[in-house]
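Take a look at the letters that make up each chain.
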Amino acid sequence: MADRRTRLLRAAFVLLLAVSCAQVIWWVIDQRRLALRVEATILEAYELDRRAAERLLDSGSPWSELEGLFPHLDFDRSEPVTRAVQIGEAAREEIARERRRHVRQYGWEAAFFLVVLIVCMTVLWRGLREEARLRVRHESFLATVSHELRSPLSSLRLQTQTMQRRSLAEDRREELLRRSESDLDRLEGLVDNVLEAARIDDARKRDLLSWHAEPVPVAEAVKRQVQALAHEGADERVEHDIADGVSVLADRRAFETILRNLLANALRATESGGRVVVEAQVDNDDLRLKVVDSGEGFAVDESDHLFEKFYRPGDALSQRSGGTGLGLYIVRQLVRRGGGSVTAMSQGPGTGATFELTLPAAEMAA
């Protein structure tokens with residue numbers, strides 16, 4: 001229903017634009033015809049004046065009096081017998097010049113109206129298209145969140161029922177408890193992202209997005225997030241060898257949120273046998289941190305869209321790419337708030353991806 005409504009609105013916009021352009025073009029043509037009719041009417045009036053001047057000359061009226069009465073006429077005194085009287089070339093040129101001036105004026109006005117009309121229609125068209133894209137992403141987000149919530153909840157229910165109804169060995173019970181804790185971690189990460197995105201949006205509207213900069217050791221922050229993402233296999237697949245003295249000047253909570261989302265995104269993109277490498281180095285006064293994965297990658301033209309809200313690579317309604325489309329959006333908003341930048345690079349699907357962020361570096365520890 002929504003797609004049909006969008007198509008109808010697009011068709012209506014195209015029809016309105018075509019009709020409006022046709023109206024403006026017809027208006028210019030009609031004004032040109034009007035200018036030609038006005039020119040012809042003035043020339044007819046001058047022709048009547050010419051005939052009247054000839055009659056007056058024939059009746060004996062003096063040349064000087066007629067020249068003052070009819071300044072737009074030329075009187076040929078070289079042939080006093082015929083007493084030739086013509087409409088002056090200067091008068092004809094003035095009439096033609098006025099007609100051209102009006103036609104140019106109408107043309108410029110029409111061009112201005114057409115430009116304004118096309119710009120307005122373009123803005124409305126893009127807004128409508130963006131609304132349609134956002135609606136599709138919303139639908140994808142709701143479907144994904146439902147799946148992301150249902151999966152760990154179903155797993156938790158099954159594990160709880162298993163522990164309630166059966167007498168289990170201690171090692172089996174501990175395994176189920178570990179799985180339950182992993183499912184709870186997944187749920188907590190999902191809820192944290194939704195709440196963080198809502199908090200960022202609300203703070204941006206009021207320009208109150210907080211950022212309390214302090215030196216944060218990068219290696220320690222990465223280790224904490226690897227441990228926090230152990231249920232995703234981070235402790236086995238994430239490689240990092242960052243010097244202990246490397247620190248970033250950032251909001252501690254925000255920087256750890258950035259790391260968690262970058263690592264979660266990389267782990268989700270890699271298969272069980274893939275690996276994720278975290279690198280960090282200080283370049284002049286900036287910290288450059290890279291998260292490189294050997295996962296599914298993405299098309300080159302999707303690099304900037306990845307940081308848009310609810311965006312997921314590939315078919316928006318498919319489950320080819322997991323996640324809710326909020327993690328990288330949160331990353332970009334927080335990095336920008338800290339005065340840095342973040343980019344995504346990939347050579348194409350199946351070639352892995354590299355996410356690189358830049359933030360102010362703290363002084364190197366001794």
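As shown above, the structure is provided for reference.
First things first, this report covers the structure right here in the doc. Computed from a predicted structure; not experimentally measured.

## Some points on the overall build of the protein chain
Next up, step 1: Counting its secondary structure elements, the protein chain contains eight helices and nine strands.
Next up, step 2: Scored against the burial criterion, the 366 residues of the protein chain give a buried share of 38%.
Next up, step 3: Partitioning the intrachain contacts of the protein chain with sequence separation of at least 6 by distance along the chain shows that 69% fall at a separation of at least 24.
Next up, step 4: Summed over its atoms, the accessible surface of the protein chain is roughly 21,800 Å², and 53% of this surface lies on carbon and sulfur atoms.

## Comments concerning the packing of helix H7 (residues 252-269) against helix H8 (residues 327-337)
Next up, step 1: Viewed as axis vectors pointing N to C, H7 and H8 meet at an angle of 145 degrees, and their least axial separation amounts to 9 Å. Pair H7 / H8 crosses with left-handed handedness. Residues Ala 254, Thr 257, Ile 258, Asn 261, Leu 262 and Asn 265 of H7 form the contact with H8, whose participating residues are Gly 327, Leu 328, Ile 330, Val 331, Leu 334 and Val 335.

## Some thoughts on the packing of aromatic side chains
Next up, step 1: This model, assessed by the stated rule, comprises five aromatic pairs.
Next up, step 2: Between Trp 27 and Tyr 106 the ring centres are 5.8 Å apart and the planes differ by 70 degrees, which places this aromatic pair in the edge-to-face class. With Trp 27 in helix H1 (residues 2-58) and Tyr 106 in helix H3 (residues 89-165), this residue pair connects regions lying 79 residues apart in the sequence.
Next up, step 3: Overall, the relative accessible area of 28% leaves Trp 27 in the partly exposed class.
Next up, step 4: Given the relative accessible area of 16%, Tyr 106 is considered buried.
Next up, step 5: Consider the rings of Phe 298 and Phe 355, whose centres lie 6.4 Å apart with planes at 50 degrees: the pair is tilted. Here the residue Phe 298 occupies a position in the loop between strand E7 (286-293) and H8, and Phe 355 occupies one in strand E9 (residues 353-360), the gap between them amounting to 57 residues.
Next up, step 6: Given a relative accessible area of 3%, Phe 355 falls into the buried group.

## Observations concerning the sheet that holds strand E4 (residues 238-240)
Next up, step 1: Ordered by their spatial adjacency, five strands build an open sheet running E4-E6-E7-E9-E8, and the pairing between neighbours is mixed. Looking at strand neighbours, the two that pair on one side only are E4 and strand E8 (341-345), the edges of this open sheet. With strand direction ignored, the average angle separating the axes of adjacent strands in the sheet is 15 degrees.
Next up, step 2: The pairing of E7 with E9 spans eight bridges and is antiparallel.

## Some details on the nonpolar core
Next up, step 1: Counting 50 residues, the largest nonpolar core has Val 218, Phe 255, Leu 289 and Phe 355 as the members making the most contacts within it.
Next up, step 2: Here this core takes nine residues from H7, the largest share from any one element.
Next up, step 3: Once residues lying within four places of it in the same chain are set aside, the contact partners of Val 218 are Ile 242, Val 246, Ser 247, Val 248, Phe 255, Ala 280, Leu 287 and Leu 289.

## Observations concerning the side chain of Asp 293
Next up, step 1: As for its placement among the helices and strands, Asp 293 is situated in strand E7.
Next up, step 2: The side chain of Asp 293 is buried and forms no salt bridge, while Arg 237, the nearest opposite charge, is found at 9.1 Å.
Next up, step 3: A polar contact is formed between the side chain of Asp 293 and the backbone nitrogen of Gly 295, at a distance of 2.8 Å.
Next up, step 4: Apart from the residues lying within four places of it in its own chain, the contact partners of Asp 293 are Ala 266, Ala 269, Thr 270, Arg 275, Val 276, Gly 352, Ala 353 and Phe 355.

## So, helix H5 (residues 218-228)
Note: α-helices contain 3.6 residues per turn, so residues at a spacing of three or four share the same orientation.
Next up, step 1: For H5, the full list of buried residues reads Val 218, Ala 219, Ala 221, Val 222, Gln 225 and Val 226. One face of H5 carries all of its buried residues, which in axial projection span an arc of 165 degrees.

## Comments concerning H8
Next up, step 1: Most of H8 is tucked away, with nine of its eleven residues classed as buried.
Next up, step 2: For H8, every residue scored as buried is listed here: Gly 327, Leu 328, Tyr 329, Ile 330, Val 331, Arg 332, Gln 333, Leu 334 and Val 335.
Next up, step 3: Trailing H8 by a residue or two, Gly 339 shows a phi angle of about 80 degrees, which is positive.

## Some words on the layout of surface pockets
It is a probe the size of a water molecule, rolled over the atoms, that shows where empty space is left.
Next up, step 1: In this structure, the second largest pocket spans a volume of roughly 200 Å³.
Next up, step 2: For the lining of the second largest pocket, the secondary structure elements donating two or more residues are H1 and H3.
Next up, step 3: Along the lines of polarity and charge, the residues of the lining of the second largest pocket split into eight nonpolar, two polar and four charged.

Here is what the cut-offs are and how they apply
Residues numbered from 1 in each chain as written. Predicted model: local features only at pLDDT ≥ 70, side-chain atom pairs only at ≥ 80, totals over all residues. Heavy atoms only, no water. Helix = DSSP H or I, 4+ residues; strand = E, 2+ residues; numbered from the N terminus. Buried < 20%, exposed > 50% of the residue type's maximum accessible area, 1.4 Å probe, protein only. Contact = heavy atoms within 4.5 Å. Areas by Shrake-Rupley, 256 points an atom, 1.4 Å probe, with all protein chains shown as cover. Axes fitted to C-alpha atoms, helices over the stretch in contact; angles between N-to-C directions. Left-handed = near helix turned anticlockwise from the far one by under 90°. Phe/Tyr/Trp six-rings, centres within 6.5 Å; stacked < 30°, edge-to-face > 60°. Pairing = 2+ DSSP bridges. Core = buried A, V, L, I, M, F, W, Y, C linked by side-chain atoms within 4.5 Å. Lys, Arg positive; Asp, Glu negative; His and termini not counted. Salt bridge = Lys/Arg side-chain N within 4 Å of Asp/Glu carboxyl O. Polar contact = N/O pair within 3.5 Å; in protein donor to acceptor, adjacent residues only side chain to side chain. Arc of directions from axis to C-beta. 1 Å grid on protein atoms, 1.4 Å probe; cavity = no way out; pocket = protein on both sides within 12 Å on 5 of 7 lines; lining within 4 Å. Points joined across faces, edges and corners; volume = space filled by probe spheres on them. Nonpolar A, V, L, I, M, F, W, Y, C, P; charged D, E, K, R; others polar.

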